[in-house]
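Each chain is listed here by its residues.
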Amino acid sequence: MTVIAQLSFNGRIRHRRGESFKPRHCLKRQEWYSWKPRPKALALPDPATPTGFVSLVSAGPGDPELLTLKAANRLSRAEVVLYDDLASGPVLDHAHPQAELIAVGKRAGRPSARQDHVNALLVEQALAGRRVVRLKSGDAGFFGRLEEELVALAAAGIAFEIVPGVTSASAAAAAAGIPLTRRLTARRVQFITGADVTGQLPGDIHWAAIADPAVTTVVFMGQRSFPELAAGLRAHGMPGDTPALFAESVGHPHQRLIRTTIDGLDRMLQGAAVTQPGLIIYGPLAFDI
Ligand SMILES: C[S@@+](CC[C@H](N)C(=O)[O-])C[C@H]1O[C@@H](n2cnc3c(N)ncnc32)[C@H](O)[C@@H]1O
């Protein structure tokens, strides 16, 4: 599939098929921020106006074979697809050839569309009576700002559905050949974020919970803050030789899986440049398999 990033008449970034590819990181910062939602986008729906329907669809980690049948079906029927950076690539081949593809993704450390602009665009497209897919990476319900978009749709009276999918957490464990739970040693799994809205390690971490040695912990968006997290874990009694998995670009051709320990990963990530999405999984992992 060939896709081009271009700005429409009102300055939005659009990706269309059939033209040469221009990676989004080549776009200028002002191209991301130049568009403004039209005033009507925030108006409540006029009962006489046909409203569209929004499917909030989980794209899985990137491997199109990990799309659900329901996700592929919704993509093939959508008139417009608003997709995240991590939900692009071959999964978009399932979209209808005539569908309009709009990149609205956010990526740490890169120029990104603002969440209120994404909400407004979603509402605007649905109020125009179109069948809309909002494509989110992994499972849409994990760390994907799903709630903000649901609130905007509900406030505008727009009908929606959520299509669940394969989170990168379970895809990473599967790719590494390990389970996330273990009958005797890991009876609980917790998913946490390593970055708050400012990109820093959240200040209100429940250290006793995340240093529990009998739990598998999955850290999303945690590469940059892991050295600080690792120091806190050790300070709360977690042994530095606790098994840790680093899973980068799961489901993509350049996938990287590293079996190490909390101390080993701490050393590896000290000052490392983060260019790819990565997950950290630590706890009593089945590395003996
Ligand atoms: C905004 S969160 C979205 C998570 C997504 N909803 C899910 O269920 O996987 C983005 C973070 O998820 C993780 N992630 C998403 N896709 C990934 C992939 N293919 N490989 C590794 N980590 C991934 C990374 O930690 C990334 O920074």
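See the structure printed just above.
A few points on the structure. Every chain is numbered on its own, with residues counted from 1 as its sequence reads. Since the coordinates come from a predicted model, pLDDT governs what is reported: local features require at least 70, and pairs of side-chain atoms require 80 or more to be given and counted, while whole-chain, interface and lining totals use all residues.

This part is about the packing of helix H7 (residues 226–235) against helix H8 (residues 262–269). Note on geometry: axes are C-alpha line fits, over the in-contact stretch for helices, and angles between N-to-C directions span 0 to 180 degrees. For helices the rule is a DSSP run of H or I covering at least 4 residues; for strands it is a run of E covering at least 2, with both sets numbered from the N terminus onward. Two elements in contact, H7 and H8, have axes whose closest approach is 9 Å; the angle formed by their N-to-C orientations is 150 degrees. As summarised for this structure, H7 and H8 are arranged roughly antiparallel, according to the angle between their axes. Classified by chirality, the crossing of H8 by H7 is left-handed. Counted together, Phe-226, Pro-227, Ala-230 and Leu-233 of H7 and Ile-262, Leu-265, Asp-266 and Leu-269 of H8 form the full contact between these two elements. The classification used treats Ala, Val, Leu, Ile, Met, Phe, Trp, Tyr, Cys and Pro as nonpolar, Asp, Glu, Lys and Arg as charged, and all other residues, Gly among them, as polar. For the contact of H7 with H8, the per-class residue count stands at 7 nonpolar, no polar and 1 charged. Roughly parallel means an angle under 35 degrees; roughly antiparallel means over 145; roughly perpendicular covers 65 to 115; every other angle is labelled oblique. Each crossing is labelled by how the near helix is turned from the far one, with a counterclockwise turn of less than a right angle marking it left-handed and a clockwise turn marking it right-handed. Think of it this way: build a C-beta for each residue from its backbone, and any pair within 7 Å is a contact.

Helix H4 (residues 146–155) packs onto helix H3 (residues 115–127) with a crossing angle of 40 degrees between their chain directions and a minimal axis gap of 9 Å. On the basis of the axis angle, H3 is oblique to H4. Of the two elements, H3 crosses H4, and the hand of that crossing is right-handed. Residue-level contacts link Gln-115, Asn-119, Leu-122 and Val-123 of H3 to Glu-148, Glu-149, Ala-152 and Leu-153 of H4. Looking at side-chain class alone, the contact of H3 with H4 contains 4 nonpolar, 2 polar and 2 charged residues.

Another aspect to go through is the pairing of strand S9 (residues 215–220). Using C-beta atoms placed from the backbone, we call a residue buried if 20 or more other C-beta atoms fall within 10 Å of its own, exposed if 12 or fewer do, and partly exposed for counts in between. With respect to burial, S9 is a largely interior element, 5 of its 6 residues being buried. Strand pairing is assigned whenever DSSP identifies at least 2 bridges connecting the two strands. Direction of pairing for S9 relative to strand S12 (residues 278–282): antiparallel, over a ladder of 4 bridges. In the strand pairing of S12, Phe-220 is matched with Leu-279.

A separate point is the site of the ligand. Close contacts around the ligand come from 22 residues, with Pro-61, Gly-138, Thr-167, Ser-168 and Val-250 the closest. Every element with two or more residues in the shell around the ligand is listed here: strand S10 (243–248) and S12. Within the shell around the ligand, the residues separate by chemical class into 10 nonpolar, 9 polar and 3 charged. Here is the check we use: build the C-beta atom from the backbone, and if it is within 6 Å of the molecule or strand, call the residue near.

With that settled, the discussion passes to the sheet that holds strand S11 (residues 256–261). If you trace the 5 strands from one edge of the open sheet to the other, you get S8-S9-S12-S10-S11, paired in mixed fashion. The open sheet has two edge strands, strand S8 (188–193) and S11, and neither has a second partner. Averaged over all pairs of adjacent strands, the angle between their axes in this sheet comes to 20 degrees, without regard to strand direction. Judged from the 6 bridges that link them, S10 and S11 form a sheet pairing that is antiparallel. Bridge pairing in S11 links Pro-243 to Thr-261. On top of the sheet, H8 reaches S10, S11 and S12; it is set at about 125 degrees to S11, its chief contact.

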